Amino acid sequence: MTRFKELARIQAAIKHRNESELRWAVEYCQMRLRIATREDHEKYWRGIQREVTDALHSPTSTSK
């Protein structure tokens, strides 16, 4: 899976508030943060992780 497909998967998870996909996205962001070598990459992935976490904790998240 290319990073573009993974980002599309993350955006879909946020849009649809799918709990299992959001949990996958959190793990993916954490992995990207562990391997980030540049500060701008780290900042980018922290922002994505924050969006995912916010969506995961929103009251409209659904389990699938």
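Residues numbered from 1 in each chain as written. Predicted model: local features only at pLDDT ≥ 70, side-chain atom pairs only at ≥ 80, totals over all residues. Heavy atoms only, no water.

*Asks:* Describe the overall build of the protein chain, and please don't skip the residues or the numbers.
*Replies:* Assigned secondary structure in the protein chain consists of 3 helices and 0 strands. The order of helices and strands in the protein chain, counted from the N terminus, is α-α-α. Counting only C-alpha atoms, the protein chain reaches 35 × 25 × 15 Å along its principal axes. By residue count, 33% of the 64 residues in the protein chain fall in the buried class. Within the protein chain, residue pairs in contact and separated by at least 24 positions form 59% of the contacts whose partners lie at least 6 positions apart. Of the charged side chains in the protein chain, 13 are positive and 9 negative, and the gap between their average positions amounts to 3 Å. (Helix = DSSP H or I, 4+ residues; strand = E, 2+ residues; numbered from the N terminus. Buried < 20%, exposed > 50% of the residue type's maximum accessible area, 1.4 Å probe, protein only. Contact = heavy atoms within 4.5 Å. Lys, Arg positive; Asp, Glu negative; His and termini not counted. Charge placed at Lys NZ, Arg CZ, Asp CG, Glu CD.)

*Asks:* Please provide a residue-by-residue account of the nonpolar core, values included.
*Replies:* Grouped together as the largest cluster of nonpolar side chains are 14 residues, with contacts concentrated most on I10, I14, L22, W45, I48 and V52. Of all the secondary-structure elements, those providing two or more residues to this core are α1 (3-16), α2 (19-35) and α3 (39-56). Top contributing element to this core by residue count: α2, with 6 residues. Beyond its immediate chain neighbours, meaning those up to four positions away, W45 contacts R3, L7, I10, Y28, C29, R32 and L33. (Core = buried A, V, L, I, M, F, W, Y, C linked by side-chain atoms within 4.5 Å.)

*Asks:* Lay out the packing of aromatic side chains with the relevant residues and their values.
*Replies:* Applying the stated criterion to the full structure yields 3 aromatic pairs. On the numbers, 5.2 Å between centres and 85° between planes, the contact of Y44 with W45 is edge-to-face. The exposure class assigned to W45 is buried, which follows from its relative accessible area of 2%. Here a set of aromatic residues connected by ring pairs shows up, and it is made of W24, Y28, Y44 and W45. (Phe/Tyr/Trp six-rings, centres within 6.5 Å; stacked < 30°, edge-to-face > 60°.)

*Asks:* Provide a residue-level description of α3, including the pertinent values.
*Replies:* With 18 residues, α3 should reach 26 Å at 1.5 Å per residue; the first-to-last C-alpha distance of 25 Å fits that figure. Every buried residue of α3 is accounted for by W45, G47, I48, Q49, V52, A55 and L56. The elements touched by buried residues of α3 are α1 and α2. (Expected span 1.5 Å × (residues − 1).)

*Asks:* Could you give an account of the packing of α1 against α2, with specific residues and numbers?
*Replies:* Two elements in contact, α1 and α2, have axes whose closest approach is 9 Å; the angle formed by their N-to-C orientations is 135°. The orientation of α1 with respect to α2, classified from their angle, is oblique. With respect to the hand of their crossing, α1 and α2 are arranged in left-handed fashion. Between α1, through R3, E6, R9, I10, A13 and I14, and α2, the contact on the second element is made entirely by E21, L22, W24, A25, Y28 and R32. Here the contact of α1 with α2 is composed, by residue class, of 7 nonpolar, no polar and 5 charged. (Axes fitted to C-alpha atoms, helices over the stretch in contact; angles between N-to-C directions. Parallel < 35°, antiparallel > 145°, perpendicular 65-115°, else oblique. Left-handed = near helix turned anticlockwise from the far one by under 90°. Nonpolar A, V, L, I, M, F, W, Y, C, P; charged D, E, K, R; others polar.)

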